[in-house]
Amino acid sequence: MPTAQMNAVRWGILGCGDVTEIKSGPALQKAQRSQLVSVMRRDGAKAADYAHRHDVPRWTDDAGTLLADPDIDAIYIATPPNSHADYAIRALRAGKHVMLEKPIALNAAECDAIEAALHDTGGKLSVAYYRRALPRFEKLKEIIETGTIGAVRMIEIRQFKQAAAQSDQHWKIDPAIGGGGSFVDMQSHTLDWLAYLFGMPVAATGLKKNQAELHAAEDMVSYLFDFGSFCAVGLCAYAAATDEEAVIIHGEKGTARMGFFRPSDITLTVDGVEQQIHLPDPAHVHQPFVERVVAYFLDDAPNPCSADQGRLSTELVERVFTGM
């Protein structure tokens, strides 16, 4: 494994697709003590184009070449979820630390395999639930934890999107590749955030349907989580007439409302008085999270999202989909 004497993390990206264009790739270059030295994509022409446009020194179309590169300390895995476990385990066994895109894996068994590899190799791995580090999400967490709206009574999650017959990223609507459809791709962030703040619910149930039958994945999901003193209710429809989404925290003294998947102010209402809290997202939304990952790799700072934390949202998806 890379030594504690490193003064910067030298990254390789495995899978330089859309998520790496603005959200994460530039974040690896702009974060302090972080360097992007190589990228991999199976389409060599696209890998070369990415490297040229982003001023990355090297590129390859072979995952094994990237993993064996002695000039790379850590691998950012940004491939579809069905390859996460395989690539994460291979990277750890190759002596690299790992930042792994969400969801961590397709199921609990794959999570177990990743955790076993971490134990065997002594490597470090963070799951890229980057919203944990964004300022507006940290502020919403503070509002809840300081009791600004009083004790939480209910959390309401709403996401409605218009139907799409096809996606430019087909894997997002292919359960065999992505583990589900839009719910898994997007709401895994929300489930992670709930578990991050409140731990695993004491009970969870859900219902999924494919109403429009435009693809194999679910397009309607509802769920109910019991957190003991309050519940969270999710209503998600991906073949609806309109696009809207929000998470609303209902407390005994007020409410806090924010969009999770779009730039959004926090609307805070306490004792009938409403205010808008404006905390803009950075240009490259992964960057605050990447800086925490770098501190974890180099300084043994707290892991911003460990493998066992990252698996919680995967377990919750399974419970929602099975109704248990």
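Scroll up for the structure.
Residues numbered from 1 in each chain as written. Predicted model: local features only at pLDDT ≥ 70, side-chain atom pairs only at ≥ 80, totals over all residues. Heavy atoms only, no water.

Examining the packing of aromatic side chains
Link 1 in the chain: Enumeration according to the criterion identifies 12 aromatic pairs in this entry.
Link 2 in the chain: With centroids separated by 5.8 Å and ring planes inclined at 70 degrees, the aromatic side chains of F183 and Y223 adopt a geometry described as edge-to-face. Here the residue F183 occupies a position in helix α8 (residues 182-198), and Y223 occupies one in strand β9 (residues 220-226), the gap between them amounting to 40 residues.
Link 3 in the chain: Among the residues examined, Y223 registers a relative accessible area of 3% and is labelled buried.
Link 4 in the chain: Here Y223 and F225 contribute two aromatic rings whose centre-to-centre distance is 4.8 Å and whose plane-to-plane angle is 35 degrees, an arrangement assigned as tilted. Grouping residues by exposure puts Y223 and F225 together as buried.
Link 5 in the chain: Just above the ring of Y296 sits the side chain of K124; from NZ or CZ to the centre is 4.9 Å.
Link 6 in the chain: The positively charged end of K208 is found above the aromatic ring belonging to F321, 4.4 Å away from the centroid. (Phe/Tyr/Trp six-rings, centres within 6.5 Å; stacked < 30°, edge-to-face > 60°. Helix = DSSP H or I, 4+ residues; strand = E, 2+ residues; numbered from the N terminus. Buried < 20%, exposed > 50% of the residue type's maximum accessible area, 1.4 Å probe, protein only. Lys NZ or Arg CZ within 6 Å of the ring centre and 35° of its normal.)

So, unusual backbone geometry
Link 1 in the chain: Looking along the chain, the bond that leaves K102 and enters P103 is cis, with omega of -15 degrees.
Link 2 in the chain: With respect to the helices and strands, P103 occurs in the loop between β5 (97-100) and α5 (108-121).
Link 3 in the chain: We note that R33 has phi near 60 degrees; this positive angle belongs to a residue other than glycine.
Link 4 in the chain: If you trace the backbone, R33 turns up in the loop between α1 (25-30) and β2 (34-40).

A few points about the side chain of R132
Link 1 in the chain: Relative to the helices and strands, R132 is located in the loop between β6 (125-127) and α6 (135-145).
Link 2 in the chain: Polar side-chain contacts of R132 include one of 2.9 Å to the side chain of D192.
Link 3 in the chain: Those residues in contact with R132, other than ones at most four positions away along the chain, are E138, D192, Y196, R292, P304, C305 and Q309. (Polar contact = N/O pair within 3.5 Å; in protein donor to acceptor, adjacent residues only side chain to side chain. Contact = heavy atoms within 4.5 Å.)

Some remarks on the nonpolar core
Link 1 in the chain: Core analysis: the biggest nonpolar cluster contains 92 residues, and W11, I114, L125, F183, F225 and I249 have the highest contact counts within it.
Link 2 in the chain: When residues of this core are assigned to their parent elements, the largest contribution, seven residues, is made by helix α9 (residues 287-299).
Link 3 in the chain: For F225, the residues in contact, after removing those within four places along its chain, are L191, L194, P201, A203, A204, F230, C231, A232, L316 and V320. (Core = buried A, V, L, I, M, F, W, Y, C linked by side-chain atoms within 4.5 Å.)

As for the packing of α5 against helix α10 (residues 307-322)
Link 1 in the chain: Relative orientation of the contacting elements α5 and α10 amounts to 170 degrees, with a least axis distance of 10 Å. Between α5 and α10, the interaxial angle falls into the category roughly antiparallel. Note on element contacts: α10 touches α5 through A307, D308, R311, T314 and E318, opposite A108, C111, D112, E115 and L118.
Link 2 in the chain: Residues that form the contact of α5 with α10 fall into these classes: four nonpolar, one polar and five charged. (Axes fitted to C-alpha atoms, helices over the stretch in contact; angles between N-to-C directions. Parallel < 35°, antiparallel > 145°, perpendicular 65-115°, else oblique. Nonpolar A, V, L, I, M, F, W, Y, C, P; charged D, E, K, R; others polar.)

As for the environment of Q187
Link 1 in the chain: When you line up the elements, Q187 lands in helix α8.
Link 2 in the chain: Given the relative accessible area of 1%, Q187 is considered buried.
Link 3 in the chain: The residues touching Q187, leaving out its near neighbours within four places in the chain, are I157, Q159, S182, Y223, C236, Y238 and F261.

Some thoughts on empty space enclosed by the protein
Link 1 in the chain: Counted under the stated rule, the structure contains one cavity of 30 Å³ or more.
Link 2 in the chain: Approximately 50 Å³ is the volume found for the largest cavity.
Link 3 in the chain: Forming the boundary of the largest cavity are P81, K102, P103, W171, K172, G178, G180, G181, V184 and D185.
Link 4 in the chain: Of the residues contributing to the lining of the largest cavity, the split by class is four nonpolar, three polar and three charged. (1 Å grid on protein atoms, 1.4 Å probe; cavity = no way out; pocket = protein on both sides within 12 Å on 5 of 7 lines; lining within 4 Å. Points joined across faces, edges and corners; volume = space filled by probe spheres on them.)

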